[in-house]
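Spelled out, the chains give:
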Amino acid sequence: MSEDIKCRMISKGKENGQTLVTKDPISFLGGVDPKTGIVIDKKHELYNKCITDKILVIPSGKGSTVGSYVIYQMIKNNTAPKAIICQKAEPIIAIGAIISKIPMVDNPEIDIINTLKNDMDVTVDADHSLITLN
């Protein structure tokens, strides 16, 4: 039985996949290796985890505006997440998702960070402002 969670569209598209959840904001510049998709920030909860082809669930982004271009580089390298769910989006990751055509949503009607767990099957349907727990 699936459950729908209303949210706000940041970047259009629809993707299904497995979640990778963190309570830590993420910086793509210096925090994620765009060649491998692995989190390289030793202080981050996801250190040494690969975000490639995952539904990345984060509270927000942080860091330099260059992080937007790191996300774009990840798309070119086939190392990007399939979709991004933010509790509260900020411009760096929003711009990165938009220019990279990665579906992204934020402002879910529930506390998504403490509700979703790793490896849950979800669909991010940004076009209809929905997250579906499959």
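Everything numeric here is computed off the predicted structure, so don't read it as measured data. (Residues numbered from 1 in each chain as written. Predicted model: local features only at pLDDT ≥ 70, side-chain atom pairs only at ≥ 80, totals over all residues. Heavy atoms only, no water.)

Participant: Any chance you could explain helix H1 (residues 67–76) here in plain terms?
Facilitator: Because the α-helix completes a turn every 3.6 residues, residues three or four places apart line up on one side. Looking only at H1, the buried set comprises Gly67, Ser68, Val70, Ile71 and Met74. Seen along its axis, H1 keeps its buried residues to an arc of 160 degrees; they face one direction. Seen from the buried face of H1, the exposed residues on the opposite side, beyond 90 degrees, are Tyr69 and Lys76. Buried positions along H1 lie against helix H2 (91–100). Positive phi shows up at asparagine 78, right after H1, with a value of about 60 degrees. (Buried < 20%, exposed > 50% of the residue type's maximum accessible area, 1.4 Å probe, protein only. Helix = DSSP H or I, 4+ residues; strand = E, 2+ residues; numbered from the N terminus. Arc of directions from axis to C-beta. Contact = heavy atoms within 4.5 Å.)

Participant: So what exactly am I meant to see when it comes to the pattern of salt bridges here?
Facilitator: If the charged atoms of two oppositely charged side chains come close together, the side chains can form a pair. Tallied over the full model, the rule gives 2 salt bridges. For the salt bridge of arginine 8 with aspartate 106, the shortest nitrogen-to-oxygen distance reads 2.7 Å. Highlighted residues: arginine 8 in strand S2 (residues 8–11) and aspartate 106 in strand S6 (residues 104–106), separated in sequence by 98 residues. Residue class for arginine 8 comes out partly exposed when judged on its relative accessible area of 41%. Between lysine 54 and aspartate 119 there is a salt bridge, and its shortest N-O distance comes to 3.7 Å. One end of the pair, lysine 54, is in the loop between strand S3 (14–21) and strand S4 (55–58); the other, aspartate 119, is in the loop between helix H3 (112–115) and strand S7 (121–125), and 65 residues separate them in sequence. (Salt bridge = Lys/Arg side-chain N within 4 Å of Asp/Glu carboxyl O.)

Participant: Explain the packing of H1 against H2 here, please?
Facilitator: Geometry of a packed helix pair, given as the angle between the helix axes and the separation of the axes. Two elements in contact, H1 and H2, have axes whose closest approach is 7 Å; the angle formed by their N-to-C orientations is 30 degrees. Taken together, H1 and H2 sit at an angle that is classed as roughly parallel. In this structure, H1 crosses over H2, and the sense of that crossing is right-handed. Packed against H1, whose contacting residues are Gly67, Ser68, Tyr69, Ile71, Tyr72 and Ile75, the element H2 presents Pro91, Ile92, Ile93, Ile95, Gly96, Ala97, Ile99 and Ser100 at the interface. Looking at the contact of H1 with H2 residue by residue, the class counts come to 10 nonpolar, 4 polar and no charged. (Axes fitted to C-alpha atoms, helices over the stretch in contact; angles between N-to-C directions. Parallel < 35°, antiparallel > 145°, perpendicular 65-115°, else oblique. Left-handed = near helix turned anticlockwise from the far one by under 90°. Nonpolar A, V, L, I, M, F, W, Y, C, P; charged D, E, K, R; others polar.)

Participant: What should I look at first to understand H2 in this one?
Facilitator: All of the buried residues along H2 are Ile92, Ile93, Ala94, Gly96, Ala97 and Ser100. Looking at the buried residues of H2, the elements they touch are S2, S4, H1, strand S5 (83–86) and S6. At the N-terminal boundary of H2, the capping side chain belongs to glutamate 90, with an oxygen 3.0 Å from the backbone nitrogen of isoleucine 92. Positioned one or two residues after H2, lysine 101 has a phi angle of 60 degrees, which is positive. (Polar contact = N/O pair within 3.5 Å; in protein donor to acceptor, adjacent residues only side chain to side chain.)

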